[in-house]
Amino acid sequence: MISAEQFEKINISHLRIDFMASKKGVGKNSRGKSGLSTRTRKVLALLVGLLSALLFFWLLDYDVNGVLKFFAIVGMLGLTGEAIRRLLFIEGEWGLMLLRTKRGLVKMDELSRWKPKLWRTFSDFGLVFGFGALSLLMFPKISKRTYVASLLILLLSVLTILPLVLPVAYSVISNLPVGSIGSRASDGGNIETVQLLFLTLLMLGGVTIAGIVGLILNAGSILYAITSFAFGGTSALASTAPGAAPIIPGKNIPLVEGILALAVILMVHESAHGILARLHKIKLKSAGIVLFGILPIGAFVDPDEAHLEKAPKLHQRDVLVAGSTANFITTFLAFALLFLFIVATAPVQDNSVMMTAYVNSTPLFGPMMLASVNGMQISKPDDLTILSSIDAEDVVELKTSEGKQITATLNDEARIISIASDNEKYVLEPDEPTLLSISFTNQNNQPFIFLGTRMGTITYSNAFKPGWGWLGAIYAFLGLAFVLNFLIGSINLMPIPMFDGHRLVGLAVPNQFAMKMITYAVAFAFIVNLLPWLWV
């Protein structure tokens, strides 16, 4: 998250303007140097913001090269921010606006005096959840009792909650690939080995170090694909996916539910920073949000920087980790509410299973309601577990509710090589660069959500009977709160400039050269993971 101090270090001039303009003597009908009244300035700022929003969403959907689109959007947002900033006398520069307020600071002070010991335990838990068993080496003053309890919570989370982050993300974030018969992995032994290695990594290094390792490995595969492309291998680049992505309400997440989820994330994150700062008697100057044009890109609680830097490292550590800790705990709360929601809405869920066959991304036939697979009745999503028994070179017989018979033949790699129905057939020729697949979706043509952990698997339809469709908005909000709190809490602890993890890890790595190398490596991997968005 972007703090006020980090914002100000980008040589942003300090223009501390009172929004009500009372200190500047700007009244309701007063005029600035341009001769415009305050009311006129507000109307113009509103019009600029509305025009910018329309242009922003139009550019997002405009079919143009990714690099050009990126610079067009950045330029448009920068000009918008500058126009609004100058019209309303808002602190900032280069399209960035810092909106400050003192509201909420008194409440943070009151909360910091409630159960001080609990707040210290709160910070210790965040360190262990973020950095795993290594946290005790990095931050030796963690309470031993809290250390052991937090490791147990991390283990239980790894086994029961964290495996659900990705499938829920698929259901609430758009443009993610959907699995099919033709893309099913066949080597279960390798999958078990990878899962065991990842479990070990999570316990040793926590969610943050595991995330860093994942970023570095994916960055390596992206660089390999780019190198292959440079020497004539186009297929590797085309199949490379980004390892990180911007979250944009209205584009890849639902607009209203996305804004509400992000508001919760920012509120709990920044409030926790403020509470722990006041717990350790560190002065707070203000709080607020950072805008780039019309987009909120961060929030902040603004402690007295000089006071914070002079505070003991233990106190600095508590303040820096507090935001991510709050996000992790909110992840657990959102998961509990999501689970209760799924159970409570079971009677009104639509469990129909729809089937569609594709040649590449073009539908061959469907969607049609599935009735059976290899003679086994399919009446609900959980019945699709029969697909796990399908082996390479099998012939799969599918029947629709209307009696239509479809036959899919698999090769020795468990990929579909032919699809035949009552009156049509598609057969792949040897070495033909075409993908045949069959996808299974709910009544709304959306993928099912396979909530699988080592404790079992639940298949959730995320579709509702007529008259209950509004429940989908509640699921989207809870799902986004669950997924994004975890992701933002983890990424924020990475040693990347502008993130809390940069200063936090710096407290554990006093050698400046080593810290620079760590920062450069992680920041480089993070940027490389964004590169595929230039060509996908």
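Residues numbered from 1 in each chain as written. Predicted model: local features only at pLDDT ≥ 70, side-chain atom pairs only at ≥ 80, totals over all residues. Heavy atoms only, no water.

Visitor: Give me the lowdown on the pattern of salt bridges, citing residues and values where you can.
Guide: Summed over all chains, the structure comprises 9 salt bridges. Measuring nitrogen to oxygen at the nearest pair gives 2.9 Å for the salt bridge that ties Glu 82 to Arg 85. With Glu 82 and Arg 85 both in helix H3 (residues 66–88) and 3 residues apart, this pair spans about one turn of that helix. What makes Glu 82 buried here is its relative accessible area of 17%. Given a relative accessible area of 10%, Arg 85 falls into the buried group. The closest approach of N and O atoms between Asp 124 and Arg 317, which form a salt bridge, is 2.8 Å. Remark: Arg 317 occurs in helix H13 (residues 313–344) and Asp 124 occurs in helix H5 (residues 116–131); sequence separation between them is 193 residues. Overall, the relative accessible area of 7% leaves Asp 124 in the buried class. The network of salt bridges with common partners includes Glu 82, Arg 85 and Arg 86. (Salt bridge = Lys/Arg side-chain N within 4 Å of Asp/Glu carboxyl O. Helix = DSSP H or I, 4+ residues; strand = E, 2+ residues; numbered from the N terminus. Buried < 20%, exposed > 50% of the residue type's maximum accessible area, 1.4 Å probe, protein only.)

Visitor: Describe unusual backbone geometry, naming the residues involved and giving the relevant values.
Guide: A positive phi angle, near 55°, is found at Trp 94, a position not held by glycine. Following the sequence through the fold, Trp 94 ends up in the loop between strand E1 (92–93) and strand E2 (96–101). Of note in the backbone geometry, Met 498 takes a positive phi value of approximately 85° without being a glycine. Considering the arrangement of structural elements, one finds Met 498 in the loop between helix H14 (471–492) and helix H15 (500–508).

Visitor: How would you summarise the packing of aromatic side chains if you had to cite specific residues and measurements?
Guide: With the rule as written, the count across this model stands at 13 aromatic pairs. Aromatic pair Phe 341 and Tyr 475: ring centres 6.5 Å apart, planes at 35°, arrangement tilted. With Phe 341 in helix H13 and Tyr 475 in helix H14, this pair connects stretches of sequence that are 134 residues apart. Judged by relative accessible area, Tyr 475 falls into the buried class, the value being 2%. Among the aromatic residues, those joined into a cluster by ring pairs are Phe 125, Phe 129, Phe 328 and Phe 332. (Phe/Tyr/Trp six-rings, centres within 6.5 Å; stacked < 30°, edge-to-face > 60°.)

Visitor: Give a detailed account of the environment of Ser 372, specifying residues and quantitative values.
Guide: Relative to the assigned elements, Ser 372 resides in strand E6 (residues 362–373). Among the residues examined, Ser 372 registers a relative accessible area of 13% and is labelled buried. Counting along the chain gives 25 residues from Ser 372 to Glu 397, while the straight-line C-alpha distance between them is 8.1 Å. When sequence neighbours within four positions are dropped, the list of residues in contact with Ser 372 reads Gln 377, Ile 378, Glu 397, Leu 398 and Lys 399. (Contact = heavy atoms within 4.5 Å.)

Visitor: So, the pairing of strand E5 (residues 354–359): which residues are in play, and what are the values?
Guide: Of all 6 residues making up E5, 6 are buried, and the element is well covered by its neighbours. Going residue by residue along E5, you find Met 354, Thr 356 and Tyr 358 tucked away on one face and Met 355, Ala 357 and Val 359 tucked away on the opposite face as well. Inspection of the sheet shows E5 paired to E6 by 5 bridges, in the antiparallel sense. Its bridge partner lying in E6, Val 359 is registered against Thr 362. Between E5 and E6, which pair antiparallel in sequence order, lie 2 residues; one of them, Asn 360, sits at a positive phi of approximately 55°. Sheet topology places E5 next to strand E12 (residues 436–441); 6 bridges connect them, and they run antiparallel. Within the sheet, the bridge partner assigned to Ala 357 lies in E12 and is Ile 438. (Pairing = 2+ DSSP bridges.)

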